[in-house]
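Given next are the chains, with one letter for each unit.
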Amino acid sequence: MHHRQLAPFPEGFLWGAASAAYQIEGGWNADGKGPSVWDVFSKQPGRTYQGSNGDVAVDHYHRYQEDVALMAEMGLMAYRFSISWPRIFPQGRGEANEGGLAFYERLIDALLAHGIEPVVTLYHWDAPQALMDEYGAWESRRIVDDFEHYCRALFTRFGAKVRYWITLNEQNIDTTRSFLLAKHPPAVRDRQRFYQANHHAFLANARAIRAFRQLVPGGKIGPTFCYCPAYAASSRPQDVVAAESAEEFTNHWWLDVYATGRYPASAWAWLVEHGQAPRIEGGDAELLAEAKPDFLGINYYYSQVFEDNALDGVGETDFNTSGQKGSTPVNGVPGLYKTTANPHLPTSNWDWAIDPDGLRITLRRVTSRYNLPVLITENGLGEFDQLSDDGKVHDGYRIDYLRHHLLACQQAISDGTKLMGYCAWSFTDLLSWLNGYQKRYGFVYVNRTETDPLDLARIRKDSFYWYRDVIASNGRKL
Ligand code: BG6
């Protein structure tokens, strides 16, 4: 054990929690909202866990005042939430829907009234279905103009009230599930379409940042990326190359473009060789290079181990969406790498390795490669929480998880990371896209099942009181 004196959390550190529109709001067609791709996809048989969907979710749309009051009671300093694009533009573009804008205005004002800093995510996976029908959403370059139009409407309306903005949430995870694992809409397996859709998303991210510079000069903006640090399964050089390739294809591919505007060289060479590189048009490179983020949003849940994979080896397969421990299959890219379990780490019931050191490694790698401030926009533990006979939820395992990850943040700060804040995932329990309501993350339990909203009562978990004390002591009392 090392007994190093750790740097304290800086003054003004943003202690926060996070959510996303589709996962909490409900009110799926309230006040002029159009359907999102998830409103449609979740109704198709077999797509989600027990057919769960966000029609009601935890009804935050109608209960936001109660939720904000709980945040204030906890002492939360920042709340990250996303705006639903089809609430603002039911058809994806054209005229803005005042009903949708007014809801977010009420929410932002309620947060500000309690001194809670709003952190707004512009896009957390719920694209307007109208754009999917019209041109295949992210598969068409047309989405770049429509996304910019949507972002401009929000910057104009809320730019004076909201200082922190996130462009895209986890472009890497969403597109991987949409185009490689056939788990998110449009649910296909096609590597070329994957890289092309990603290129459009990079352009959309860059256009949003460029518009932001014009419209919100004092604000801060960046993308949020889900970073799973790649470890080598052994010191065999073949495994180390596999882990380096995984790092390049699963992390640098996105972060390099966000931070520098350039695709990483070895991944690019491999894609050209395999006929999978995206089509790039004149002006794209300049736009990507120009749009520099102020910070990187990082979501961290787990690390992954990689080993060598033969040319005829395993490809993209599937992942655990049941909570049945040990049901995650091996995934890989033939000729590059494949996953293997980490014998040194415990896992959650969803087979996610519990690895606080992985967060420190993430922050160090990101800092040395990009030298940008980091905002942790998600980190947390999804588990089967139980409402006990005493009417409480004793989630000591979550406190344990969060405590150790916050210690890892302190180690990273000591190592030189400029960490702006930490948003735990999530504030209340919410809908997991593919795991239903049984996989819970919140500080606040919400009483509902997969298909029955019950009374949707809010119940403070043990972790609620623990995090309240952490915030009050600026992290001195973990
Ligand atoms: C991130 C997403 O991938 O992780 C969230 O940004 C998501 O929307 C969270 O809910 C946890 O993932 P899961 O699959 O456990 O719900």
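Note on numbering: residues in each chain are counted from 1, in written sequence order. pLDDT decides what is reported in this predicted model: residues at 70 or higher carry local features, side-chain atom pairs at 80 or more are listed and counted, and totals for whole chains, interfaces and linings draw on all residues regardless. Working from all heavy atoms in the structure, the side-chain values ignore hydrogens and water.

Q: With reference to specific residues and values, describe the overall build of the chain.
A: Working definition: helices are DSSP H or I runs of at least four residues, strands are E runs of at least two. Numbering for both runs from the N terminus. The helix and strand tally for the chain stands at 15 helices and 14 strands. Taken over the C-alpha trace, the chain has a radius of gyration of 21 Å; the compact-globule value for 478 residues is 23 Å, and the two agree within 12%. Projected onto its principal axes, the C-alpha coordinates of the chain cover approximately 60 × 55 × 45 Å. Contacts are assigned to residue pairs with any non-hydrogen atoms lying within 4.5 Å of each other. Excluding contacts between residues fewer than 6 apart, the proportion of contacts in the chain whose partners are at least 24 apart in sequence is 76%. Carbon and sulfur atoms provide 51% of the accessible area of the chain, an area that totals close to 17900 Å². In this treatment the radius of gyration is a C-alpha quantity, and the globule benchmark scales as 2.2 Å times the residue count to the 0.38 power. Working definition of accessibility: Shrake-Rupley area with a 1.4 Å probe, residue cover restricted to the visible protein chains.

Q: Account for the pairing of strand β2 (residues 78–82), naming residues and giving values.
A: Walk down a regular strand and you will see the side chains alternate between the two sheet faces. Per-residue accessibility, obtained with a 1.4 Å probe over protein chains only, is compared with the maximum for each type, and a residue is labelled buried under 20%, exposed over 50%, and partly exposed between these values. When you tally the buried positions in β2, you get 5 out of 5 residues, the bulk of the element. Paired strands, in this sense, are two strands between which DSSP finds at least two bridges. In the sheet, strand β1 (residues 14–18) pairs with β2 via 3 bridges, with the strands oriented parallel. Its bridge partner lying in β2, A18 is registered against R80. Relative to strand β3 (residues 117–123), β2 runs parallel, the two being bridged by 5 bridges. Pairing of A78 across the sheet is with E117, part of β3.

Q: For the site of the ligand, give the residues involved together with the corresponding values.
A: By nearness alone, 15 residues border the ligand, and Q23, E170, S432, K439 and Y441 come closest of all. Polar contacts, as used here, are pairs of N or O atoms within 3.5 Å; protein pairs need one atom able to donate a hydrogen and one able to accept it. Residues neighboring in sequence count only if both atoms are side-chain atoms. Q23 is positioned with one of its side-chain polar atoms (N or O) 2.7 Å from an oxygen atom of the ligand. S432 has a polar side-chain atom sitting 2.5 Å from an oxygen atom of the ligand. Protein chains bury 97% of the 380 Å² of accessible surface belonging to the ligand in isolation. All amino acids are sorted into three groups, where Ala, Val, Leu, Ile, Met, Phe, Trp, Tyr, Cys and Pro are nonpolar, Asp, Glu, Lys and Arg are charged, and the leftover types, Gly among them, are polar. In terms of residue class, the shell around the ligand is made up of 6 nonpolar, 6 polar and 3 charged. By convention in this text, a residue qualifies as near a molecule or strand provided that one of its non-hydrogen atoms is within 4 Å of it.

Q: Give me the sheet that holds strand β9 (residues 332–333): which residues, what numbers.
A: The strands making up a sheet associate through backbone hydrogen bonding, with each pair oriented either parallel or antiparallel. The strand order across the open sheet formed by 4 strands is β6-β8-β10-β9, and the pairing between neighbours is mixed. At either end of the open sheet lies a strand with only one pairing partner, and these are β6 (230–232) and β9. Note: strand β8 (residues 304–307) against strand β10 (residues 337–340), 3 bridges, orientation antiparallel. Across the sheet, E307 pairs through a bridge with K338, a residue of β10.

Q: Please provide a residue-by-residue account of the sheet that holds strand β5 (residues 220–226), values included.
A: The strand order β1-β2-β3-β4-β5-β7-β11-β12 describes a closed barrel built from 8 strands, whose pairing is parallel. On average, adjacent strands in this sheet sit at an angle of 25° to one another, irrespective of strand direction. Here helix α10 (residues 237–260) sits on the sheet and contacts β5 and β7 (296–299); the angle it forms with β5, its principal contact strand, is near 170°. Note on definitions: angles span 0 to 180 degrees between N-to-C directions of axes, and those axes are lines fitted to C-alpha atoms, for helices only across the stretch in contact.

Q: Kindly report on the side chain of S432, identifying the contributing residues and their values.
A: Relative to the assigned elements, S432 resides in the loop between β12 (419–425) and β13 (444–446). Among the polar contacts made by the side chain of S432, one reaches the side chain of N435 at a distance of 2.8 Å.

Q: Requested: an account of the state of the cysteines, with residues and values cited.
A: For the purposes of this analysis, a disulfide is any pair of cysteine sulfur atoms at a distance within 2.5 Å. Here the structure, examined in full by the defined rule, presents 0 disulfides. Of all cysteine sulfurs, the one in C423 lies closest to C409, which takes part in no disulfide; the gap is 11 Å.

Q: Give a description of the confidence of the model for the chain that names residues and reports values.
A: Confidence per residue, as judged by the predictor, is encoded in pLDDT with a range of 0 to 100. Residue-level pLDDT values for the chain average 97, and 99% of them are 70 or greater. For this predicted complex, the interface score ipTM comes out at 0.99, while the overall pTM is 0.97.

Q: Can you tell me about the packing of helix α13 (residues 356–370) against helix α14 (residues 396–414), naming the residues and giving the values?
A: Direction vectors running N to C along α13 and α14 enclose 30°, while the axes themselves pass 8 Å from each other. The angle between α13 and α14 falls in the class roughly parallel. Of the two possible hands of crossing, α13 and α14 adopt the one that is right-handed. Each of P356, D357, L359, R360 and L363 in α13 lies in contact with α14, whose residues at this interface are H404, H405, A408, C409, Q411 and A412. When grouped by side-chain class, the residues that make up the contact of α13 with α14 number 6 nonpolar, 3 polar and 2 charged. Should an angle lie under 35 degrees it is considered roughly parallel, over 145 roughly antiparallel, and from 65 to 115 roughly perpendicular; all remaining angles are considered oblique. Whether a crossing is left-handed or right-handed is set by the direction in which the near helix is turned from the far one by less than a right angle, anticlockwise for left-handed and clockwise for right-handed.

Q: Before we move on, can you summarise the pattern of salt bridges with the specific residues and values?
A: Criterion for a salt bridge: a side-chain nitrogen of Lys or Arg within 4 Å of a carboxyl oxygen of Asp or Glu. Under the defined criterion, the tally for this structure stands at 38 salt bridges. One salt bridge in this structure joins E105 and R157, with 2.9 Å as the shortest N-O distance. Note that E105 is positioned in helix α5 (residues 98–113) and R157 in helix α7 (residues 142–158), a separation of 52 residues in sequence. With a closest N to O distance of 2.5 Å, K461 and D385 form a salt bridge. Residue K461 is located in the loop between β14 (458–460) and α15 (462–472), and its partner D385 is located in the loop between β11 (374–378) and α14; the two are separated by 76 residues in the primary sequence. D385 shares its class with K461; the two are buried.

Q: Can you tell me about α10, naming the residues and giving the values?
A: The end-to-end C-alpha distance of α10, which contains 24 residues, comes to just 29 Å, noticeably less than the 34 Å that a straight helix rising 1.5 Å per residue would cover. Note that the bend at a residue is defined as the angle between axes fitted to the seven residues ending at it and the seven residues starting at it. The largest bend in α10 is about 55°, located at H252. In terms of burial, α10 is a largely internal element, 17 of the 24 residues being buried. G261 lies just past α10 and shows a positive phi near 85°. Expected helix span is given by 1.5 Å per residue-to-residue step, counting one fewer step than there are residues.

Q: Describe the nonpolar core, with residues and values.
A: Throughout this description, the term nonpolar core refers to a set of buried Ala, Val, Leu, Ile, Met, Phe, Trp, Tyr and Cys residues connected via side-chain atoms within 4.5 Å. If you look at the biggest cluster of nonpolar residues, it comprises 147 residues, and the most contacted ones within it are W138, F147, W165, F427, F443 and Y467. No other element matches helix α9 (residues 191–215), which puts 12 residues into this core. Once you skip the residues sitting within four places of it in the chain, F427 turns out to touch A17, A18, D67, L70, M71, M74, L76, Y79, G442, F443, V444 and F464. With 8 residues, the next largest nonpolar core counts V119, Y164, F295 and M420 among its residues.

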